[in-house]
Amino acid sequence: MLANRTTLVANAGPSQGLTGVYTIDPVHSTIGFSVRHAMISNVRGRFDSFEGLLKLDGSRPTRSAAYMSVQTQSVDTGIRERDLHLRGPDFLDSSTFPLMTFHSTKITGAGDDVFRLAGNLRIKDIELPLTVDLEFGGAGVDAYGQHRVGFEGSATLRRSDWGLTWNTALETGGVLVGDRVRLLLDISAVRLSAVAAA
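Per-chain numbering applies: the sequence of each chain, read as written, is numbered from 1 onward. In keeping with the predicted nature of the model, local features appear solely for residues at pLDDT of at least 70, side-chain atom pairs appear and are counted solely at 80 or more, and the whole-chain, interface and lining totals rest on all residues. The basis for the side-chain values is all heavy atoms of the structure; hydrogens and waters are excluded.

Draft legend 1. Quick look at the packing of aromatic side chains. In summary, the pairing rule links any two rings of Phe, Tyr or Trp, Trp by its six-membered ring, whose centres are within 6.5 Å, and it sorts them by plane angle into stacked for under 30 degrees, edge-to-face for over 60 and tilted for everything else. Tallied over the entire structure, the rule returns two aromatic pairs. Between F33 and F47, the ring centres sit 5.6 Å apart and the planes meet at 45°, which makes this aromatic pair tilted. Separated by 14 residues along the polypeptide, F33 in strand β2 (residues 30-37) and F47 in strand β3 (residues 41-47) bring together distant segments of the chain. In this text, helices come from DSSP runs of H or I with a minimum length of four residues, and strands from runs of E with a minimum of two, each type numbered from the N-terminal end.

Structure (structure tokens):
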């Protein structure tokens, strides 16, 4: 998934490059989204509870893989009433479908430190393909001696494809909630082991 940037961790020794298994650090990561509201502005939110694994191959990034699960109950837009609606049956139906998941199927290079991550996103009982544009943010050893990697990503989806079709018509025309949702990822992951990803 990430480019082979061993120069960024040169001080850690030649055997401690990017290849290995990493766990996403939720304290230093963000899974956010934005959606059009009332045809004039964007509402932004995030999911506060999630976990994931990255299996990175530093020498052959296209052989890397990513897995993630998100607790739908953790959606947070800053407005309690709206969050309760999003967790309910009109949208995520968190009581019935507590998790949404993503797993990669293919990774291709798209330029210096830029990749396209293809995979399958499951929301409720529907699983469909989704492509995420990724940019490698760097790698290094933190203050606690942990090996970290980071990247930013984005993807755009139509919520109606996953059955999230609730809406309300506006008197002035149009609808209350846009169909297009933009996902925004800012991920920091900590290496669990240096075992090859292959």
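Now that the structure is up, let's keep going.
Draft legend 2. Spotlight on the pattern of salt bridges. Salt bridges are identified by distance alone: a Lys or Arg side-chain nitrogen within 4 Å of an Asp or Glu carboxyl oxygen. Per the stated rule, a full pass over the model turns up seven salt bridges. Across the pair D133 and R116 runs a salt bridge, and its minimum N-O distance is 2.8 Å. Taken together, the residues D133 in strand β9 (residues 126-141) and R116 in strand β8 (residues 114-123) connect sequence positions 17 residues apart. On the basis of relative accessibility, which here comes to 34%, the residue D133 falls in the partly exposed class. Here D142 ties to R148 by a salt bridge, and the two come within 2.8 Å at their closest N and O atoms. Relative accessibility thresholds used throughout: buried, under 20% of the residue-type maximum; exposed, over 50%; partly exposed, between the two (1.4 Å probe, protein chains only).

Draft legend 3. Molecular detail of the environment of N120. In this fold, N120 is placed in strand β8. Separated by 19 residues in the primary sequence, N120 and T101 have C-alpha atoms spaced 8.1 Å apart. Contacts are assigned to residue pairs that have any heavy atoms within 4.5 Å of one another. Once you skip the residues sitting within four places of it in the chain, N120 turns out to touch T101, F102, H103, T105, E127, L128 and P129.

Draft legend 4. Layout of the pairing of β9. Here, a strand pair is defined by DSSP locating no fewer than two bridges between the strands. Here β8 pairs with β9 via 10 bridges, running antiparallel. Of the residues in β9, the one forming a bridge with I123 is I126. As consecutive antiparallel partners, β8 and β9 are separated by two residues, and within that stretch K124 has a phi angle of approximately 55°, a positive value. The pairing of β9 with strand β10 (residues 147-158) spans eight bridges and is antiparallel. Among the inter-strand pairings, G138 is bridged to a residue of β10, identified as G150. The turn joining β9 and β10, which pair antiparallel and follow one another in sequence, is formed by five residues; a positive phi near 80° is taken by G145.

Draft legend 5. Here's a closer look at the environment of R159. Here R159 is to be found in the loop between β10 and β11 (177-193). Note on R159: relative accessible area 5%, which makes it buried. For the pair R159 and D179, spaced 20 residues apart in the sequence, the C-alpha separation amounts to 5.6 Å. Contact partners of R159, with chain neighbours within four places excluded, come to F91, L164, T165, W166, N167, V177, G178, D179 and V181. A distance of 2.6 Å separates a polar atom in the side chain of R159 from the backbone oxygen of L164. For the purposes of these results, a polar contact is taken to be a pair of N or O atoms within 3.5 Å, where, inside protein, one atom must be able to donate a hydrogen and its partner to accept one; residues adjacent in sequence count only when each atom of the pair is a side-chain atom.

Draft legend 6. Seen up close, a nonpolar patch on the surface. Residues L53, Y67 and L192 make up a contiguous nonpolar surface patch of roughly 290 Å² in combined accessible area. As for its position among the elements, L53 is in strand β4 (residues 50-56). Surface patches are drawn from residues lacking salt bridges whose relative accessible area is over 30%; two like charges belong together within 9 Å, two nonpolar side chains (Val, Leu, Ile, Met, Phe, Trp, Tyr) within 5 Å. Accessibility throughout is a Shrake-Rupley quantity obtained with a 1.4 Å probe, and a residue counts as covered only by protein chains that appear here.

Draft legend 7. Local environment of the pairing of β10. Taken across its 12 residues, β10 has nine buried, putting it largely inside the fold. Relative to β11, β10 runs antiparallel, the two being bridged by 11 bridges. Bridging from a neighbouring strand, A155 pairs with L183 of β11.

Draft legend 8. Broad picture of the side chain of R148. Within the fold, R148 resides in strand β10. Within polar-contact distance, the side chain of R148 engages the side chain of D142 at 2.8 Å. Filtering out sequence-adjacent residues up to four positions away, R148 remains in contact with Y22, D25, H28, G138, A139, G140, D142, S188, A189 and V190.

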